[in-house]
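Residue-level listing of the chains:
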Amino acid sequence: MKNNTPSSLENNKLDLKICGMKLNTNQVAALQPDYLGFIFWENSKRNFTGVIEEVPDSIKKIGVFVNASIQEVKEKINIYNLQAVQLHGKESVEFCKELKEEMSSIEIIKVFSIKEEFDFSVLKPFEAVADYFLFDTKGKLPGGNGYTFNWDILKNYPSTKPFFLSGGIGIEELNQLSSFLETPASKYCKAIDVNSKFEIEPGLKDIDKLKELISTLKKRFKSIN
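To keep things clear, this report deals only with the structure shown in the data block. What you see is a predicted model, and the numbers here were worked out from it, not measured in a lab. (Residues numbered from 1 in each chain as written. Predicted model: local features only at pLDDT ≥ 70, side-chain atom pairs only at ≥ 80, totals over all residues. Heavy atoms only, no water.)

**Structural notes on the overall build of the protein**
Then step 1. A tally of regular secondary structure across the protein gives five helices and ten strands.
Then step 2. Each of the 225 residues in the protein was classed as buried or not, and the buried ones make up 54%.
Then step 3. In the protein, 63% of the contacts between residues at least 6 apart in sequence involve partners at least 24 apart.
Then step 4. Just so you have it, the protein exposes about 10,900 Å², and 46% of that area is on carbon and sulfur atoms. (Helix = DSSP H or I, 4+ residues; strand = E, 2+ residues; numbered from the N terminus. Buried < 20%, exposed > 50% of the residue type's maximum accessible area, 1.4 Å probe, protein only. Contact = heavy atoms within 4.5 Å. Areas by Shrake-Rupley, 256 points an atom, 1.4 Å probe, with all protein chains shown as cover.)

**A short note on the packing of aromatic side chains**
Then step 1. On inspection of all chains with the given rule, the structure shows 18 aromatic pairs.
Then step 2. A ring pair is formed by F38 and F48, whose centres lie 5.1 Å apart and whose planes are at 75 degrees; its orientation type is edge-to-face. Of this pair, F38 sits in strand β2 (residues 35-39) while F48 sits in the loop between β2 and β3 (60-65), placing them ten residues apart in sequence.
Then step 3. Classification of F48 by relative accessible area gives buried; the value is 5%.
Then step 4. Grouped by ring-pair contacts, the aromatic residues F112, F118, F120, F126, F133, F135, Y157 and F163 constitute a single cluster.
Then step 5. Sitting over the face of the ring of F112, K110 holds its NZ or CZ atom 5.2 Å from the ring centroid. (Phe/Tyr/Trp six-rings, centres within 6.5 Å; stacked < 30°, edge-to-face > 60°. Lys NZ or Arg CZ within 6 Å of the ring centre and 35° of its normal.)

**A short note on the environment of N43**
Then step 1. Along the chain, N43 turns up in the loop between β2 and β3.
Then step 2. With relative accessibility at 61%, the residue N43 sits in the exposed group.

**Let's talk about the pairing of strand β4 (residues 84-87)**
Then step 1. The alternating pattern of β4 places A84 and Q86 on one face and V85 and L87 on the opposite face, and all of these are buried.
Then step 2. Of the pairings in the sheet, the one linking β3 to β4 comprises four bridges and is parallel in character. Its bridge partner being in β4, F65 is matched across the sheet by L87.
Then step 3. What joins β3 to β4 is helix α2 (residues 70-80), and the crossover it makes is right-handed.
Then step 4. Sheet analysis places β4 next to strand β5 (residues 107-114), joined by four bridges and oriented parallel. Looking at β5, one finds that Q86 is bridged to I109.
Then step 5. Once you follow β4 into helix α3 (residues 93-102) and on to β5, the crossover reads as right-handed. (Pairing = 2+ DSSP bridges. Right-handed = clockwise from strand over helix to strand, strands pointing away.)

**What about the side chain of K76?**
Then step 1. Mapping K76 onto the fold places it in helix α2.
Then step 2. Salt bridges are absent for the buried K76, whose nearest opposite-charge side chain, E72, sits at 4.1 Å.
Then step 3. When near neighbours in sequence (up to four residues on either side) are disregarded, K76 contacts F40, F65, N81 and L82. (Lys, Arg positive; Asp, Glu negative; His and termini not counted. Salt bridge = Lys/Arg side-chain N within 4 Å of Asp/Glu carboxyl O.)

**Digging into α2**
Then step 1. Where α2 is concerned, the buried positions are I70, V73, K76, I77 and Y80. Projection of α2 onto a plane perpendicular to its axis shows the buried side chains occupying an angular sector of 135 degrees, all on one side. Opposite the packed face of α2, turned more than 90 degrees from it, sit the exposed residues N78 and I79.
Then step 2. As for α2, its buried residues are in contact with β3, β4 and α3. (Arc of directions from axis to C-beta.)

**Here we look at the sheet that holds β5**
Then step 1. An order of β1-β2-β3-β4-β5-β6-β7-β8 is seen for the eight strands of this closed barrel, with the pairing classed as parallel. Each adjacent strand pair in this sheet contributes to an overall mean axis angle of 30 degrees, direction not counted.
Then step 2. Those strands touched by α3 are β4 and β5, and its axis lies near 160 degrees from that of β5. (Axes fitted to C-alpha atoms, helices over the stretch in contact; angles between N-to-C directions.)

**Quick notes on the pattern of salt bridges**
Then step 1. Within the structure shown, the criterion is met by ten salt bridges.
Then step 2. For E199, the salt bridge is made with R46, and the minimal N-O distance between the two is 2.7 Å. With E199 in strand β9 (residues 199-201) and R46 in the loop between β2 and β3, this residue pair connects regions lying 153 residues apart in the sequence. Take E199 and R46: they sit in the same class, and that class is buried.
Then step 3. Note that K205 is salt-bridged to E199, the shortest N-O span being 2.7 Å. Each member of the pair K205 and E199 is classed as buried.

Right under this line is the structure:
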């Protein structure tokens, strides 16, 4: 069933996730986003191996994994006190189910990559084991490719599961984002996810650009925290 009910803006819900944290976490946390993402994948330029300095309890820490083992995910959850995991690989329904059973307090975000088209039927098996879906741009890497997919595809979103919108979102995409968030297709858009377009270098976030983003979101959408 397609969405033809009010958009996410009309429901006054829009969170912000800043991903690829590595070098200036405290500065970013001071901006009070809803989520901070830490990538635990060795092939990423933003692979996190350090110590996460204390951040406010209001900010959820998300661990981003690509085809990691259950044991590795559990270890990182415990070491870094993560509140959510983002599964960016080919993790199965059984993987998600096992993780949910063993770490019941953890939110599971299952990622699906989109390019020019997408078969939404692949979502259905994950409905019972994922708390959220995340839609990113399909590219050479599992994430952080820096460009957007065609958000019009989400007009065919058949689920009521809240989702994160990711992939190449920067200051220059805000007009496009604004238009999308005024459509029924955005009804279940819980959050936007930004990364590479707000960096000085991989893992070093541009605080001035992030401030501009947050200010613009508050002014335009009046729903960002």
